[in-house]
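# Structural overview
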Amino acid sequence: MDINFFKTTRILDGGMGQELLARGMKSNGTLWSANALLKEEYHQLLLDTHLDFIKAGAEVIVTATFTTRRVRLRDNKIEDKFEYLNTKAGEIAQKAKEQYPNVLIAGGLPPQYLTYEEDTRADDEIKQNFYDQAKLLDPYIDFFYLDVLSSVNEFRLAIEAIEEFNKPYLIGAHISEGINLPSGEKISDIINNINHKNLLGLILSCVSPENFSENLEEVKNLGVPFGFKLNAFVTTNPKDGYTNNYNVSKTGNPNEFLGQRKDLTPELMANFVKKFKNTGATILGGCCETRPSHIKEMSKFK
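The model shown is predicted, which means the values in this text are computed figures rather than measured ones.

So, about the sheet that holds strand S7 (residues 226–230). Within the open sheet, the eight strands sit side by side as S1-S8-S7-S6-S5-S4-S3-S2. Their pairing is parallel. Of all strands in the sheet, those bounded by a partner on one side alone are strand S1 (10–11) and strand S2 (60–62). Against the sheet, helix H6 (residues 123–137) touches strand S3 (104–109) and strand S4 (143–149), its axis set at about 160 degrees to S3. Contacting S7 and strand S8 (283–286), helix H12 (residues 266–278) runs over the sheet at an angle of about 170 degrees to S7.

It is worth spelling out the environment of arginine 69 at this point. The topology assignment puts arginine 69 in the loop between S2 and helix H4 (70–75). Residue class for arginine 69 comes out buried when judged on its relative accessible area of 0%. When the C-alpha atoms of arginine 69 and glycine 201 are compared, they prove to be 24 Å apart, with 132 residues separating the residues in sequence. The contact partners of arginine 69, leaving out residues within four places of it in the chain, are Phe82, Pro110, Pro111, Gln112, Tyr113, Leu114, Thr115 and Gln133. Only 3.3 Å separates the side chain of arginine 69 from the backbone oxygen of proline 111, close enough to count as a polar contact.

With that settled, the discussion passes to the pattern of salt bridges. A complete count under the given rule lists 19 salt bridges for this structure. Residue arginine 70 pairs with glutamate 79 through a salt bridge whose shortest N-O separation is 3.2 Å. The class of glutamate 79 is partly exposed, set by a relative accessible area of 26%. When the shortest N-O distance is used, the salt bridge between arginine 156 and glutamate 160 registers 3.1 Å. With arginine 156 and glutamate 160 both in helix H7 (residues 152–162), this residue pair falls four residues apart, about one helical turn. Owing to a relative accessible area of 28%, arginine 156 belongs among the partly exposed residues under this scheme. According to the relative accessible area criterion, glutamate 160 is partly exposed, its value standing at 32%. The network of salt bridges with common partners includes Glu19, Arg23, Asp52 and Arg291.

Conventions we followed
Residues numbered from 1 in each chain as written. Predicted model: local features only at pLDDT ≥ 70, side-chain atom pairs only at ≥ 80, totals over all residues. Heavy atoms only, no water. Pairing = 2+ DSSP bridges. Helix = DSSP H or I, 4+ residues; strand = E, 2+ residues; numbered from the N terminus. Contact = heavy atoms within 4.5 Å. Axes fitted to C-alpha atoms, helices over the stretch in contact; angles between N-to-C directions. Buried < 20%, exposed > 50% of the residue type's maximum accessible area, 1.4 Å probe, protein only. Polar contact = N/O pair within 3.5 Å; in protein donor to acceptor, adjacent residues only side chain to side chain. Salt bridge = Lys/Arg side-chain N within 4 Å of Asp/Glu carboxyl O.

Right under this line is the structure:
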């Protein structure tokens, strides 16, 4: 893959998990999007969703592996399905690529423990978790996407874990509020404190347009291609934390406690995207609650 791929404007896909729920997938414990892989009845729905994002203009699709991490599967008593679920995610993404050969597949490597929170477990355990998932995705993907990680250490360990696969990677850093990662570190620390060899670029991942605006100056001065996957949640920092809320949610849908913004129509989000693109952003995409209709509007800025 061309290491300069994101130096020109590229369109990423939108939010897979929320889109699947919106299209009728039933929640199952805390599996979220992984339920579309676990149950064969949803395999076509997952493929169709990949295809609809592509038809809307996405040049990159991300494997549906955000909740196929070992910890989440263990919590749902199906850790024995770890290999099957990650492999199936790669296979279904490949089916979409067969129909649209120019589309690239990003292997989504999510936080390996909690969501929107720093992983403070032992380095060896974190790195092994990243490696186990990356090894399964490697045969199916064009590059790795380090998806919604919350600390410099997690990025460092993920990059070390994927080194042997000799594939480039896109950084997806999360900020819930303000200008710091959940770990308290700066975005610039991800670039300055890690020795990068195969870096494609850096995006802020699962952030509101307003929060991206707040961090725009720092991101655009990093000297690497930059952009975003914007969400349409009200917040990603609920009282008592994401995990506690998710564990007691009644619906299994994160928008129950994170809120679903009604104001971020495709047209309004496109206005944000136009503004960000005019400042130099070249990696344009969506995250939770961002649908194919949003991606279609973003693609007009290609």
